[in-house]
Amino acid sequence: MSLHLQPEVLQWARYRARLSETDLAKKMTLKKERVKDWEKNGKLTLKQAQRLAKKTNTPIGYLFLKEPPVEKLPIKDFRTVGSNELSSPSSELLDVIYQTQRQQDWYRDYQLSIEAEPLEFIGSANLGSDVVELASRIRSEIDYTIEDSKAAKDWQEALRQLISSTENAGILVMYIGYA
């Protein structure tokens with residue numbers, strides 16, 4: 001089945017994945033000219049569109065839009081490169097943020113369902129708070145000391161202990177790793 005998609009949307013999907021034409025062609029085991037053709041005339045098969053969506057981490061429905069969507073971070077962005085703000089979030093970053101927000105919503109609903117008491121320290125600090133004092137309060141709240149960290153056999157054990165202490169204090173801990 002042959003499709004005619006908007007070339008700008010196909011380009012946007014590649015840019016969003018931070019891939020050059022050459023890199024995308026390699027990922028899809030195609031010649032660079034094929035990618036250039038798609039981005040010029042918008043003609044590809046449904047199977048190619050599905051592979052393109054997968055290789056660029058783009059929802060397939062986005063490829064059928066009339067124009068590229070504007071994706072904004074749903075949270076404040078403090079990331080910079082050389083003190084310059086980044087122009088657009090990567091698809092991976094957006095996926096992590098959306099997944100994290102869904103988990104936070106679930107955890108909040110769970111805590112409400114078990115009638116958990118609100119944590120007293122939430123909202124107790126601000127930008128003017130003394131950093132050393134704040135770190136001390138956090139260590140106290142999660143019952144994890146510098147000595148606990150030093151006693152761990154390695155950084156991985158220290159991290160596991162820190163996570164366990166933090167969760168025991170009623171705080172949802174989320175982390176994600178990429179190889």
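Conventions we followed
All residue numbers refer to position in the chain's written sequence, counted from 1. Residue-level local features of this predicted model are given only where pLDDT is at least 70; pairs of side-chain atoms are given and counted only at 80 or more, and the full residue set underlies all totals for whole chains, interfaces and linings. In computing side-chain values, all of the structure's heavy atoms are included and hydrogens and water are not. Secondary structure elements follow DSSP: runs of H or I of four or more residues count as helices, runs of E of two or more count as strands, with numbering from the N terminus. As a reference, a globule follows 2.2 Å times the number of residues to the power 0.38, and the radius of gyration itself is taken over C-alpha atoms. Burial classes: relative accessible area under 20% of the type maximum marks a residue as buried, over 50% as exposed, and values in between as partly exposed (1.4 Å probe, protein chains only). Between two residues, a contact is recorded if the distance between any of their heavy atoms is within 4.5 Å. All accessible-area figures derive from a Shrake-Rupley calculation using a 1.4 Å probe, and residue coverage is judged against the displayed protein chains alone. In the sections that follow, a salt bridge refers to a side-chain nitrogen of Lys or Arg positioned within 4 Å of a carboxyl oxygen of Asp or Glu. Pairing of aromatic rings covers Phe, Tyr and Trp, the last through its six-membered ring, and needs centres within 6.5 Å; plane angles under 30 degrees mean stacked, over 60 mean edge-to-face, and all others mean tilted.

*Asks:* Outline the overall build of the protein chain, supporting the account with residue identities and numerical values.
*Replies:* Check the secondary structure of the protein chain and you find eight helices and four strands. Shown N-terminal to C-terminal, the secondary structure of the protein chain runs as helices and strands in the order β-α-α-α-β-α-β-β-α-α-α-α. The C-alpha atoms of the protein chain give a radius of gyration of 23 Å, which is well past the 16 Å a tight globule of 179 residues would have. Structurally, the protein chain occupies a C-alpha span of about 60 × 40 × 30 Å along its principal axes. Every one of the 179 residues in the protein chain was classed for burial, and the buried ones make up 24%. Partitioning the contacts of the protein chain with sequence separation of at least 6, the portion at a separation of at least 24 is 60%. Only carbon and sulfur atoms are counted for the fraction: they give 53% of the accessible area of the protein chain, which is about 13100 Å².

*Asks:* Describe the pattern of salt bridges, and please don't skip the residues or the numbers.
*Replies:* The full count for this structure, using the stated rule, is three salt bridges. Across the salt bridge formed by Glu 21 and Arg 14, the nearest N and O atoms sit 3.9 Å from each other. A salt bridge links Glu 71 to Arg 16; the shortest N-O distance between them is 2.6 Å. Within this pair, whereas Glu 71 is found in the loop between α4 (46-55) and β3 (80-81), its partner Arg 16 is found in helix α1 (residues 7-16), the two being separated by 55 residues in sequence. In this pair, the class of Glu 71 matches that of Arg 16, namely buried. If you follow the salt bridges from partner to partner, you end up with Arg 14, Glu 21 and Glu 39 in one network.

*Asks:* Could you give me a rundown of the packing of aromatic side chains, with the residues and numbers involved?
*Replies:* If you walk through the whole model with that rule in mind, you get four aromatic pairs. Seen from their ring centres, Trp 106 and Tyr 107 are 6.1 Å apart, and the 40° between their planes marks the pair as tilted. Judged by relative accessible area, which is 52%, Trp 106 ranks as exposed. A residue is classified by how much of its surface remains accessible, and Tyr 107, at 19% relative accessible area, is buried. For the pair Trp 106 and Tyr 110, a centre-to-centre distance of 5.5 Å together with 10° between the ring planes defines the contact as stacked.

*Asks:* A description of unusual backbone geometry should follow, citing residues and the corresponding values.
*Replies:* Positive phi, close to 50°, is recorded for Thr 29, a residue that is not glycine. With respect to the secondary-structure elements, Thr 29 resides in the loop between α2 (21-27) and α3 (32-41). The phi dihedral of Asp 143 falls on the positive side, at around 55°, and the residue is not glycine. If you trace the backbone, Asp 143 turns up in the loop between α6 (131-142) and α7 (146-151). Exposure remark for Asp 143: the relative accessible area of 60% places this residue in the exposed category.

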